[in-house]
Amino acid sequence: MDFSVQVLNDCESVSSAKRLLYDVYIKEMEWDFREDNPTGFRIEKDKRNESILCDIFDDAAIWFGAYEKDKIIGVTRAVPRNNALGKLDLELYPDSGLSSMRRIFQGNESQNLVEVQRGAVLKDYRSTQPSIIQILLLFVFSYAQEKGLSVICPTVFPVLETLFSRAGMRLVEKNFTYGEGDGEWPTFIFYSPSAELAQVVRKLKNAGEKRKSSFLQERGRQAKRRKFLVV
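In this text the structure is predicted, and so the values were computed from the model without any measurement.

Thresholds, definitions, all that
- Residues numbered from 1 in each chain as written.
- Predicted model: local features only at pLDDT ≥ 70, side-chain atom pairs only at ≥ 80, totals over all residues.
- Heavy atoms only, no water.
- Helix = DSSP H or I, 4+ residues; strand = E, 2+ residues; numbered from the N terminus.
- Buried < 20%, exposed > 50% of the residue type's maximum accessible area, 1.4 Å probe, protein only.
- Salt bridge = Lys/Arg side-chain N within 4 Å of Asp/Glu carboxyl O.

## Here's the deal with unusual backbone geometry
Here the amide bond leading from Gln129 into Pro130 is cis, since omega sits at 0°, within 30 degrees of zero. Along the chain, the position of Pro130 falls in the loop between β6 (113-121) and α3 (132-147). Located in the positive-phi region is Lys69, a residue other than glycine, with phi close to 55°. Residue position: Lys69 is located in the loop between β4 (62-68) and β5 (71-80). The exposure class of Lys69 is exposed, given its relative accessible area of 78%.

In structure tokens form, the structure reads like this:
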């Protein structure tokens, strides 16, 4: 199969990405967000009267879509810190005060920091080699490298923990939580300063064996993870 990745620059393509997020995170993974969540998660209807997953960073985010011909099959986005709030999504939660996190948010490169998040791939496309999420991340990290940006990535998914580690990203925190209550799985936080992104991009291009676990398979083994919307 031939896949392509592009920056989503128009309202309809971004809306299609939000529909995909709704289908994967809400319908399939049955994620039930807190009504008082700091990120402002909400479900709305788009111009086609279809459900989309929205939050307060939608307009500031740089959206990326993976396509098979004209069909969007995967999505992720990068939230720049220089948005209207002057903060990343991670910074809206108490654990952003952990010493490991403060070192990043108060560092010299903090204003050029982007948070890569909201990764999702349609069920029928999760067993491709290389994986769609890897193709997306390679594109996003290459974009960040070109713009001179540093990257921070939260995830609870083992397949991404492995991918980020193999790409040479720094694991800066293993116990970040979003305050979802009892049974919440801690989030791993990976970071790469702009000076190291070229190496990360190179390793992603040359990644070896990929774990075949999909989001759905991981959810089956560790069902509690379905509560969280962090990739």
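## Section: the pattern of salt bridges
Applying the stated criterion to the full structure yields 14 salt bridges. With a closest N to O distance of 3.6 Å, Arg48 and Glu12 form a salt bridge. Of this pair, Arg48 sits in the loop between β2 (42-45) and β3 (51-54) while Glu12 sits in helix α1 (residues 11-28), placing them 36 residues apart in sequence. Its relative accessible area of 48% is what places Arg48 among the partly exposed residues. Among the ionic pairs, Arg81 bridges to Glu91, the shortest N-O distance being 2.7 Å. Linking Arg81 in the loop between β5 and α2 (99-105) with Glu91 in the loop between β5 and α2, this pair joins segments that are 10 residues apart in sequence.

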